[in-house]
Amino acid sequence: LPPTIRQILSSPEVGETVAVTGWVKSIRKQKRIAFGVLSDGSSAVGLQAVFLDGLGERVKEITNGTSVRVRGSIVKSPGAGQDKELHVEEVEILGTCPPDTYPIQKQALTPEYLRDNTHLRARTDAISAMVRLRGLLMRKLDRYFEHQDFAYAHTPVLTSGDAEGGGEAFRIASIPPSSERPPETEEEREFFARPAYLTVSHQLHLEALSTALTRVYTLSPCFRAERGVTRRHLAEFWMLEAEWGVAPTHDPRTQTAALCDFVEGVVKGVVSDPAIIYGQDVEVLWRHREHDSVPEAERQIRREALASAVTSDAPWPKMTYSEAIRELLKSDQKWTFPIRWGSALQSEHEKWLCETLVGGPLFVTDYPAVIKPFYMRANPLAAGEEEVTVSCFDLLMPYVGELAGGSVREERLDVLKASMESKGMNMDEERYGWYGDLRRFGGAPHVGFGLGFERLVGWVGGIENVRECVPMPRWAGRMVL
Ligand code: 4AD
Ligand code: MG
């Protein structure tokens, strides 16, 4: 393939003749000369193009958004900013772009407006930078897991149960594609002869693979019918999930601590890569914040805090849920939701813990069993404890909230069975029985976690809303294309 603009800009050859196809990001026309910037999306930086006199009438037709193919020579740029530019010798207009109706104008556009133009919004610098950042993060994550000898696994999207027991699964039905009516026959309703759902998490299937492959991970789409419309929730999102076998111990809390350290290693190892944290795309994302509620100075502080969180050797702090509750009760904050041992931490609490109390990433561990899913390993009761806690963690990030969660998995069949029963699930049912088999047949201690990919993108890019962390977001009431 011919070189992309990124490749042209990063290879030092001056004097070469190149041909590129791209879109005009901007054009400034003078009497005998025009200055344009071309982009093919391969880089955050466009190629400066000088249209010299003699190219004729065609330059007049070029406006912001026009698709062109140009040929010319690469010369040393006299101006500041870029060291190379293209002197255009030939230009062919592939597609004009009427300036009066083109929705992507040069002035600042609000996130809401761009969501209404989802099909065109990748033409803005911030959205295309986000798309490239996703790809970069994905490839670095793959490399990280490959180094740790994990197998990448493709787990199903169609599943027979709600793995989290959160009651947020999308139920699916088979209906003739041309018809928008609700399913009528039993056959339409139950294609698989049982209810089927879009997966909410790949964990249970990864656990099955982990009983043979030991270290497995996936980065896959998950679906949740979240009714609450927030900055952090999508109906379709991607999750990085991993499961692996660990050495047995008497106290699963030590395994939770090691699990937290591993997750911290993944995030630090990947994000601290200079190609990410100091890369052009992250730079663009932190700069392109015209509509951001956060003032420039504050943004700078946040960006530096992010860099130091991933480059510092100091481990991120850990505290138990019970300690977190004590800290919350001690604070003189006015809470909307009351704080009580045994209830879930609300986002205002999580925000205060990591942003105000510790000022950075924070692991909260050992939550009460009653507020966590059935598969988490129960802790032995410590002196003075009355309620059962589970060996788990939530990783809380400033301005993002919960980035990841994971746990030691309950490997004892009888305890697992009782735990399922306490959540209204029956292991003797076919759809759960297989999960019991994983313990029945050569079961071994193992741990795992899930990390929200859009929230990672948001944290790294300083993006306020997860809807700007995926190219085509879906949320309750909205699926534009
Ligand atoms: O905390 P969650 O629900 O945990 C699980 O699903 C476990 N089974 C994961 C595992 O152990 N394998 O989801 C994990 C992460 C959250 O911390 C959050 O970052 C992200 O997934 N997440 C969402 N991201 C965007 N939109 C949503 N609706 C999300 N729900 C969860
Ligand atoms: Mg969670």
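Residues numbered from 1 in each chain as written. Chains lettered and ligands numbered in written order. Predicted model: local features only at pLDDT ≥ 70, side-chain atom pairs only at ≥ 80, totals over all residues.

*Asks:* Give a detailed account of the overall build of the protein chain, specifying residues and quantitative values.
*Replies:* A count of helices and strands for the protein chain gives 15 helices and 16 strands. Considered along the principal axes of its C-alpha atoms, the protein chain spans approximately 85 × 60 × 45 Å. Counting only residues that meet the buried cut, the protein chain has 36% of its 481 residues in that class. Considering only contacts within the protein chain whose residues lie at least 6 apart along the sequence, 70% involve residues at least 24 apart. (Helix = DSSP H or I, 4+ residues; strand = E, 2+ residues; numbered from the N terminus. Buried ≥ 20, exposed ≤ 12 C-beta atoms within 10 Å, placed from the backbone. Contact = placed C-beta atoms within 7 Å.)

*Asks:* Break down the pairing of strand β15 (residues 401-408) for me, with residues and values.
*Replies:* With seven of its eight residues buried, β15 lies for the most part within the structure. Where strand β14 (residues 392-397) lies against β15, six bridges are found, and the strand directions are antiparallel. Across the sheet, residue C392 finds its bridge partner in β15, namely S407. Between β14 and the antiparallel strand that follows it, β15, lie three residues; Y399 among them carries a positive phi value of about 65 degrees. As paired strands, β15 and strand β16 (residues 446-452) are joined by five bridges and run antiparallel to one another. (Pairing = 2+ DSSP bridges.)

*Asks:* Can you lay out the sheet that holds strand β5 (residues 84-95) for me, pointing to particular residues and giving the numbers?
*Replies:* Spatial ordering of the closed barrel is given by β1-β2-β3-β5-β4, a layout of five strands whose pairing is mixed. Ignoring which end each strand starts from, the neighbouring axes of this sheet average 55 degrees apart. By the bridge criterion, six bridges tie strand β1 (residues 17-29) to strand β2 (residues 33-39) in an arrangement that is antiparallel. Looking at β2, one finds that W23 is bridged to S39. (Axes fitted to C-alpha atoms, helices over the stretch in contact; angles between N-to-C directions.)

*Asks:* For the packing of helix α13 (residues 413-422) against helix α14 (residues 430-440), give the residues involved together with the corresponding values.
*Replies:* Viewed as axis vectors pointing N to C, α13 and α14 meet at an angle of 155 degrees, and their least axial separation amounts to 9 Å. Compared by their axis directions, α13 and α14 come out roughly antiparallel. α14 is crossed by α13, and the crossing has right-handed handedness. Contacts from L413, L416, K417 and M420 in α13 reach Y432, G436, R439 and R440 in α14. Classifying every residue of the contact of α13 with α14 gives four nonpolar, one polar and three charged. (Parallel < 35°, antiparallel > 145°, perpendicular 65-115°, else oblique. Left-handed = near helix turned anticlockwise from the far one by under 90°. Nonpolar A, V, L, I, M, F, W, Y, C, P; charged D, E, K, R; others polar.)

*Asks:* If you had to explain the packing of helix α4 (residues 125-147) against helix α9 (residues 280-287) to someone new, which residues and values would you point to?
*Replies:* Between α4 and α9, the least distance of the axes is 9 Å, while the angle of their chain directions is 140 degrees. Relative to α9, the element α4 is oriented oblique. Along this stretch, α4 crosses α9, giving a crossing that reads as left-handed. Each of D125, A126, A129, M130, R132 and L133 in α4 lies in contact with α9, whose residues at this interface are D281, V282, V284 and L285. A class-by-class count of the residues in the contact of α4 with α9 yields seven nonpolar, no polar and three charged.

*Asks:* Give me the nonpolar core: which residues, what numbers.
*Replies:* By size, the foremost hydrophobic cluster in this structure holds 81 residues, and its most contacted members are M130 and V457. Ranked by residue count, the leading element in this core is α4, at eight residues. Sequence-distant contacts of V457, that is, excluding residues within four places in its chain, are made with M130, L133, R134, L137, I463 and C469. A34, A49, I62 and V88 belong to the second-largest nonpolar core, a separate cluster that totals 19 residues. (Core = buried A, V, L, I, M, F, W, Y, C linked by C-beta atoms within 7 Å.)

*Asks:* Which residues make up the site of ligand 1, and what values go with them?
*Replies:* Looking at ligand 1, there are 23 residues lining it, with S201, Q203, F237, G450 and G452 nearest. Looking at the shell around ligand 1, the elements with two or more residues in it are β11 (236-245), β15, β16 and α15 (453-461). Among the elements that make up the shell around ligand 1, the one with the highest residue count is β15 (five residues). (Near = placed C-beta within 6 Å.)

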